[in-house]
Amino acid sequence: MQRTIVVILNFVIGLSLTVPASLAQTKTNRPQPPQGAVDPGWPRGYSLPSEAQLVVYQPQIASWADQKHLVAFAAVSHIAKGAEKPALGTIKFETDTQVALDERLVKFTAIKVTETNFPTLSKEQVQEIVTQLDEKIPDAERIIALDRVLAYVDKSTISPKNVVGLKSDPPRIFLTKTPAILVSFDGEPIWSPIKDNELKFAVNTNWDVFRHEPTGVYYLRYDNTWLRATDVKAQWSYAGKLPESFNKLPDDENWKEVKENLPGVRHKSLPAVFVTTDPTELIVINGEPKYEPVPNTGLYWISNTESDLFRLGKDGPVYYLVAGRWFKSNELGGFWTFATPDLPEDFQKISVEHPRSRVLASVPGTQQAQEAVLLAQIPQYARVNKKEIVAPEVTYQGEPQYEKIPRTQLQRAANTDKDIIKVGEMYYMCYEGIWFSSAAPKGPWTLATSVPPEVYQIPPESPAYNVTYVTVEDDDSSDEWVTYAAYAGYTGLMIGWGCTMWGTGWYYPPYYWYGGFYPGYYPYWRTYGYGAWYNPYTGRYGTAGRIYGPYGGVGFGARYNPGTGTYSRGAFAYGPYGARGAAEAYNPRTGTYAKTRQGSNVYGNWGSTSVQRGDDWVNTKRFTNSAGNTTRVTRGDQGGMISRRGENGSGFVGQRGDNVYAGRDGNVYRRDQNGNWQKWDNGSWNSAQRPEQRGDNSVRDSMLNDRARSQERQDRARGDGARANGVENRRSSGGSIDRSTMGSLERDRAARSSGSQRSRDTGSYNRSRSSNTGSYSRGGGGGFSRGGGGGFRGGGGRR
């Protein structure tokens, strides 16, 4: 008999970034999955070899150790061939997991059922359930939305691994109440010539800035308007007629956006231009501050700014959040000091419904901060083929130059765009999440199967610090593959003071070199100059958008190619993220941007034959049965049940919706519309008494439990349904519901509700491509805020 999967839909939540088409030129042979796919929800059904119909309700997560091993309970409905009514029972199972962070999905590997409770099924029927769940569910069906799992996680068990040595000094902070932009240079301006042109352009800024050599006048593009100044730090004004040199810019992708905005449009008003050469942030308030009280706190939110700005009372200190760090000033525009460790408790009381509740991820002790830490500790994996992998070309500007790394005996390469560490007489290069080694600074390079432990002692004050987040996880000498893991710190997301933060806080001056027609310029990771904020729908940091420039942030306007000695620039080199993401997968050293499928990944630029991504399972062909039939779902009310049918007409009956739960006592429960719990008993739903309803019935309940245990002993003596395939099949007791079971049911119900809403909100965010990411609540409809238990509760603070 052919096995038919009755109900399996598209489980994948897609994650997309708004990027220009030019960025689609990255090296990847992987097919792109459908856009906007979402987790279809639960329950999910199967037709078993015995022609019995099985419904599995949403798992209730009991634990998720190290985000690698999951233990869960689930209610299961079984209806034998020809039977009129289902038999409901529960299972407990455990499985190893894999996580696709971009798609926000969790995959179950081998499912091991460790406990069952089906009081009315035979040993053979229970054994079939165990076997089918453990062996027959295809990989593509063992998927659940990450947001559903996170809702169950006990946030109090998350232990942040704070980075020692992160810098918390505030950057320079400009504040203005009129329209303004921040033109930030990565050090003093570095000017590059343009072939056959009288213009030079600045390579180390996030804006289109030019210098006209014959006149010494500087030009700045602001959207479709051009400004001019006699010095980059002088007053900028409307440019008027541009030099003819602009019309002679090369006709290629590098200058496409510039040429599309020639000759420019004159506007009635221009923004103020702040120019800086050191780490700086800009707060733009639209007029006088609008103070809006934050409910149930003593805080006021300044609502007429894109910055995260709060005040404790209308005349108290001002708090500004940027790059995951809080800074405090006694007044607007005053002297700023680091404030994250000493935030007033009122910040923990901010409701997740608040329009700027994203700041909760940066408030120590909140569930949102703890969850952000958990996500940051989940690595991206890749298996690398020792024979197929080809190391990147290493080019130095002149002879190799190596500089000592502080507080170590190591050295790092300074005059190349690659991260190369010298350990003794050996050289180790970390490139896009993979380690290579060589006995010489110029190679040849081979895949590294181990990395000296000294490398992982590199401190945050070194620009090479991020390589300490790439590890060799497994090197099985019996095969040709090495497994690597890249943690969030490799792409700039750090953990400090119990929260996730963008960057180390240290400023690393760029390497630049004048020796050819074009100057060489190699920037490093920067903490400030983006207006970076945490995006609760991606677990990454985003950029502040227009006031910081069109190319995603300071230093990302252009990249130098040492192989050709030329520059790529503008969107061709990087691309505007707008409010969708930050430089999470962009390497400023090499100018590479990992754009794959609908998200970004450290391993996104490697060819699939030599590097197998750990989350490539999201590309599997999915959701068809073994006979090749597509499946569909039909819903109908049959005495409070749900009917689901496959193409061949087979069907099953189960409880409508996803309102069925596995009690920790082995019983099956549901919650009615009045908020009362019911228990499945003797083929029907019966009221389950709450602990406070039991009163003087406790003696009677005890007697009923004694009878149930006596019946169980008799059943065991007969061997009727006692064990299945080595799995314990428990007998449940009827009547009432104890406090422990009631408590776990309420927590599971709240977590399921929260997880379902969060999953829908994430799908909505991905489909809409919206930049509305200021709140954990989508459109004020709850979003991440729904539910209790493991979900985000109330104000998001400690409970």
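Attention in this report is confined to the structure presented alongside it. (Residues numbered from 1 in each chain as written. Predicted model: local features only at pLDDT ≥ 70, side-chain atom pairs only at ≥ 80, totals over all residues. Heavy atoms only, no water.)

Observations concerning the overall build of the protein chain
Within the protein chain one finds eight helices and 53 strands. Taking the intrachain contacts of the protein chain between residues at least 6 apart in sequence as the baseline, contacts between residues at least 24 apart amount to 63%. As displayed, the protein chain has an accessible area near 31,500 Å², and 46% of this comes from carbon and sulfur atoms. (Helix = DSSP H or I, 4+ residues; strand = E, 2+ residues; numbered from the N terminus. Contact = heavy atoms within 4.5 Å. Areas by Shrake-Rupley, 256 points an atom, 1.4 Å probe, with all protein chains shown as cover.)

Points about the sheet that holds strand S31 (residues 470–475)
Read from one edge to the other, the open sheet built from four strands follows the order S31-S32-S24-S45, with strand pairing classed as antiparallel. Edge positions in the sheet fall to S31 and strand S45 (611–613), since each of these pairs with one other strand and no more. The average undirected angle you get between the axes of adjacent strands in this sheet is 25°. Pairing geometry for strand S24 (residues 380–385) and strand S32 (residues 481–486), over six bridges, is antiparallel. Bridge pairing links Arg-383 to Thr-483 in S32. (Pairing = 2+ DSSP bridges. Axes fitted to C-alpha atoms, helices over the stretch in contact; angles between N-to-C directions.)

Re the side chain of Lys-107
Topologically, Lys-107 is positioned in strand S6 (residues 105–117). Among all residues touching Lys-107, those that are not within four sequence positions of it are Asp-96, Thr-97, Gln-98, Asp-139, Arg-142 and Trp-617.

Brief notes about the sheet that holds strand S14 (residues 225–229)
Overall, antiparallel pairing links the six strands, which are arranged S10-S11-S12-S13-S14-S15 in an open sheet. Across the chains shown, the open sheet's two edge strands, defined by having one partner strand only, are strand S10 (191–193) and strand S15 (237–238). The sheet contact formed by strand S13 (residues 217–222) and S14 spans five bridges and is antiparallel. Note that in S14 the partner of Tyr-218 across the bridge is Ala-229.

With respect to the nonpolar core
Counting residues in hydrophobic clusters, the biggest one holds 89 residues, and the most contacted among them are Trp-64, Phe-93, Leu-282, Trp-326 and Phe-347. The contacts of Phe-93, once residues within four sequence positions are left out, are Pro-59, Leu-70, Val-71, Ala-72, Ala-74, Phe-108, Ile-111, Lys-112, Val-113 and Thr-114. Core analysis: the second largest hydrophobic core is formed by 42 residues, Ala-382, Tyr-484, Ala-486 and Met-494 among them. (Core = buried A, V, L, I, M, F, W, Y, C linked by side-chain atoms within 4.5 Å. Buried < 20%, exposed > 50% of the residue type's maximum accessible area, 1.4 Å probe, protein only.)

Remarks on the pairing of strand S51 (residues 684–687)
Note that strand S50 (residues 677–681) and S51 share four bridges and pair antiparallel. In the sheet register, Lys-679 faces S51, and the bridge partner there is Asn-686. From the end of S50 to the start of S51, which pair antiparallel, there are two residues, and Asn-682 there has a positive phi angle of about 55°.

Digging into the environment of Val-470
Along the chain, the position of Val-470 falls in strand S31. Setting aside chain neighbours within four positions, we find Val-470 in contact with Cys-430, Gly-433, Ile-434, Trp-435, Tyr-456, Ala-485, Ala-486 and Tyr-490.

Here's the deal with empty space enclosed by the protein
Taking a probe equal in size to a water molecule and rolling it over the atoms shows the remaining empty space. The full count for this structure, using the stated rule, is nine cavities of 30 Å³ or more. The calculated volume of the second largest cavity comes to roughly 160 Å³. In terms of lining residues, the second largest cavity is bounded by 14 residues, among which Trp-42, Val-56, Phe-108, Ile-111 and Ile-137 are the most central. Of all the secondary structure elements, the ones that give two or more residues to the lining of the second largest cavity are strand S1 (44–47), strand S5 (87–100) and S6. (1 Å grid on protein atoms, 1.4 Å probe; cavity = no way out; pocket = protein on both sides within 12 Å on 5 of 7 lines; lining within 4 Å. Points joined across faces, edges and corners; volume = space filled by probe spheres on them.)

Thoughts on helix H4 (residues 367–376)
Counting buried residues along H4, 10 of its 10 residues qualify, which places the element largely inside the surrounding structure. Where H4 is concerned, the buried positions are Gln-367, Gln-368, Ala-369, Gln-370, Glu-371, Ala-372, Val-373, Leu-374, Leu-375 and Ala-376. Buried residues along H4 sit in contact with strand S3 (60–65), helix H2 (146–152), strand S33 (493–496), strand S34 (499–502), strand S37 (533–535) and helix H8 (739–768).

As for the packing of aromatic side chains
Tallied over the entire structure, the rule returns 34 aromatic pairs. Taken together, a centroid distance of 6.4 Å and an interplanar angle of 45° make the contact between Trp-502 and Tyr-541 tilted. With Trp-502 in strand S34 and Tyr-541 in strand S38 (residues 540–542), this residue pair connects regions lying 39 residues apart in the sequence. When sorted by exposure, Trp-502 lands in the same class as Tyr-541, which is buried. An aromatic cluster of three or more residues is present, and its members are Phe-201, Phe-210, Tyr-219, Trp-226, Phe-246 and Trp-255. Taking the ring centre of Trp-42 as reference, the NZ or CZ of Arg-44 above it sits at 3.6 Å. For the cation-ring pair, Lys-167 lies above Trp-506, with the distance from its terminal atom to the ring centre recorded as 4.4 Å. (Phe/Tyr/Trp six-rings, centres within 6.5 Å; stacked < 30°, edge-to-face > 60°. Lys NZ or Arg CZ within 6 Å of the ring centre and 35° of its normal.)

Observations regarding the pattern of salt bridges
Following the criterion strictly, the structure yields 24 salt bridges and no others. Of the charged contacts, one joins Lys-387 and Glu-480 as a salt bridge, the two residues approaching to 3.0 Å between their closest N and O atoms. Separated by 93 residues along the polypeptide, Lys-387 in the loop between S24 and strand S25 (402–404) and Glu-480 in the loop between S31 and S32 bring together distant segments of the chain. The partner of Arg-671 in a salt bridge is Glu-746, with the nearest N and O atoms 4.0 Å apart. (Salt bridge = Lys/Arg side-chain N within 4 Å of Asp/Glu carboxyl O.)

As for the side chain of Ser-168
Topologically, Ser-168 is positioned in the loop between H2 and strand S8 (172–176). If near-sequence neighbours (up to four positions away) are discounted, Ser-168 is found in contact with Phe-327, Phe-338 and Trp-497.

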